[in-house]
Amino acid sequence: MIALSLAEIAAVVGGQTHDIPDPSAQVTGPVVRDSREVEPGSLFVAFVGEHVDGHDYAAAVVEAGAAAVLASRPVGVPAIVVDDVQAALGALARHVVHKLGTTLVALTGSAGKTSTKDLIAQVLRRKAPTVFTPGSLNNEIGLPLTALSATEETKFLVLEMGARGVGHIRYLADLTPPKVGLVLNVGTAHIGEFGGREQIAQAKGELVESLPPASEGGTAILNADDPLVRAMASRTQAKVVLFGESGEADVRAENVRLTDSGQPVFSLRTPSGCSDVTMRLYGEHHVSNALAAAAVAHELGMSVEEIATALSEAGSLSRWRMEVTERPDGVTIVNDAYNANPESMRAALRALAAMGRGRRTWAVLGKMAELGDEALAEHDAVGRLAVRLNVGKLVAVGGREASWLQLGAYNEGSWGEESVHVSDAQAAVDLLRSELRPGDVVLVKASRSVGLESVAQALLATGAEGEVAAR
């Protein structure tokens, strides 16, 4: 964070100083909520959680070098005490962003936010120092913490914005007002909480409504291939730039194909020219993500050649998102277990089919959460898609939703031994250890709550130990 005195921070957040001998002392280190991340000069934010109260760590973090604690009660060590710690954190982020004057890029969407954010960051940092959301810390706590990590050297600040209801993105955009706003898609993730795709579109479109007008440099980057996103052009005064595979898109992909290993190759066409891209990431769905990143970079002054080179060299920065690892015995594990929704599940299955040409494929799938009344139909549809894509084996892991996955596969193709329903992750590991053979490709994917990353990790450990049974 930029250096601020404790007195200035207290004024910004409307707090009272307690046990601070020198209010002119400065916060020069990062703003953190995890006591293990404290560095000399840090500001520690004490949240009260369901199981842990950050105030209990106040003395320890000050002893470790923290300048002060942002707290909701006096803690016996230097502290700025406020009524609402979360609101104070947001106010501090708003102040710092305004003071820095950095170019802020915000993005949202039902699927692909984190992968696209990682691509944007890897492209933009070729041009200038860039700070971006780590992982998926895209809520009312993670977003201001990311913004506060920017410094005077930061040229671009790339923030992922998530939402679980109408008004959430408006709140985040008010904390950190963007100049460039990107909307990827409107899908069915969290549809059970929103109530329908129209409500999701209403929430996601709050981002473009928050942008400054075109005359002040505001730019809305919208997916031309998604009608609900494209319609958001009427909700903003910013300049509108379209990306996608549609011929009407300003930034588009032509001649798209996949390599034998499932990596996208395409020609990137922008208003300033065309250049070829060969991605290191896996799956055709990354083409749309790459186009979104390219549109942002093009609007911020990068050449098409610079953008294409950066996209071709970009990798995955966030764990458990299409992480592809080949074991010594030739078995390929695709760990995409960070989260799942119907759109990302379909994209992952198509990537598996592309990667598995001529090889036996396994889809180890679990529950997609927060789908509400759509849950049965969406799980059934994913099971059916596995059959249509000629996935070799489906392992449905878990309870009711897993049984719906298996039912969809059976109803689509009258599958028998090609699909199996197991109770938990360990049962899936036991099955795969006994049946995998060299050359197989295994996709592991489910919502975060299922914890299927343990399956991928166990299978990789098995390969390292040489325990797989070759058949």
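Here's what I pulled together on the structure shown here. Note that this is a predicted model, so its numbers are computed, not measured. Per-chain numbering applies: the sequence of each chain, read as written, is numbered from 1 onward. Restriction of local features to residues with pLDDT of at least 70 applies here, the model being predicted, together with a cutoff of 80 or more for giving and counting side-chain atom pairs; totals for whole chains, interfaces and linings are based on all residues. Only hydrogens and water are set aside when side-chain values are computed; all heavy atoms of the structure are taken into account.

### Topic: the sheet that holds strand S14 (residues 251-258)
Spelled out, the test is: Note on pairing: two strands pair once DSSP finds at least 2 bridges between them. Helix numbers and strand numbers start at the N terminus; a helix is a DSSP run of H or I with at least 4 residues, a strand a run of E with at least 2. Axes, fitted as lines to C-alpha atoms, cover a helix only where it is in contact. Angles between the N-to-C directions of the axes lie from 0 to 180 degrees. Contact between two residues is taken to exist if any of their heavy atoms lie within 4.5 Å; hydrogens are not considered.
Sheet architecture is open: nine strands sit in the order S9-S10-S8-S11-S12-S13-S14-S15-S16, paired in mixed fashion. Whereas interior strands pair on both sides, the edge strands pair on one side only; in this sheet they are strand S9 (130-132) and strand S16 (273-278). For this sheet the average axis-to-axis angle between neighbouring strands, irrespective of direction, equals 15 degrees. In this sheet, strand S15 (residues 264-270) lies alongside S14 in antiparallel orientation, the contact comprising five bridges. Bridge assignment links Arg252 to a residue of S15, and that residue is Arg269. Where helix H4 (residues 113-124) meets the sheet, it contacts strand S8 (103-108), S9, strand S10 (156-160) and strand S11 (180-183), and its direction lies at approximately 175 degrees from that of S10.

### Some words on the pairing of strand S21 (residues 419-422)
Heads up, the rule is: Here, the term right-handed applies to a crossover whose path from the first strand over the helix to the second runs clockwise when the strands point away from the viewer.
The pairing of strand S20 (residues 393-397) with S21 spans four bridges and is classified as parallel. Across the sheet, residue Leu394 finds its bridge partner in S21, namely Ser419. A crossover connection joins S20 to the parallel S21 through helix H15 (residues 400-413); in handedness this β-α-β unit is right-handed.

### What about the sheet that holds S20?
If you trace the six strands from one edge of the open sheet to the other, you get S17-S18-S22-S19-S20-S21, paired in mixed fashion. The open sheet has two edge strands, strand S17 (323-326) and S21, and neither has a second partner. Neighbour-to-neighbour, the strand axes of the sheet open up by a mean angle of 15 degrees, direction not taken into account. Across four bridges, strand S18 (residues 332-335) lies against strand S22 (residues 441-445) in parallel orientation. Counted as the bridge partner of Asn335 is Val444 from S22. This element, helix H13 (residues 342-355), spans S17, S18, strand S19 (361-365) and S22 of the sheet and lies at about 170 degrees to S22. The strands touched by H15 are S19, S20 and S21; relative to S20, the strand with the most contacts, the crossing angle is about 155 degrees.

### Some thoughts on the environment of Ser246
Here Ser246 shows up in the loop between strand S13 (239-244) and S14. As for Ser246 and Met322, which are separated by 76 residues in sequence, their C-alpha atoms are 26 Å apart. Ignoring any residue separated from it by four or fewer positions in sequence, one finds Ser246 in contact with Ala224, Asp225, Arg230 and Arg252.

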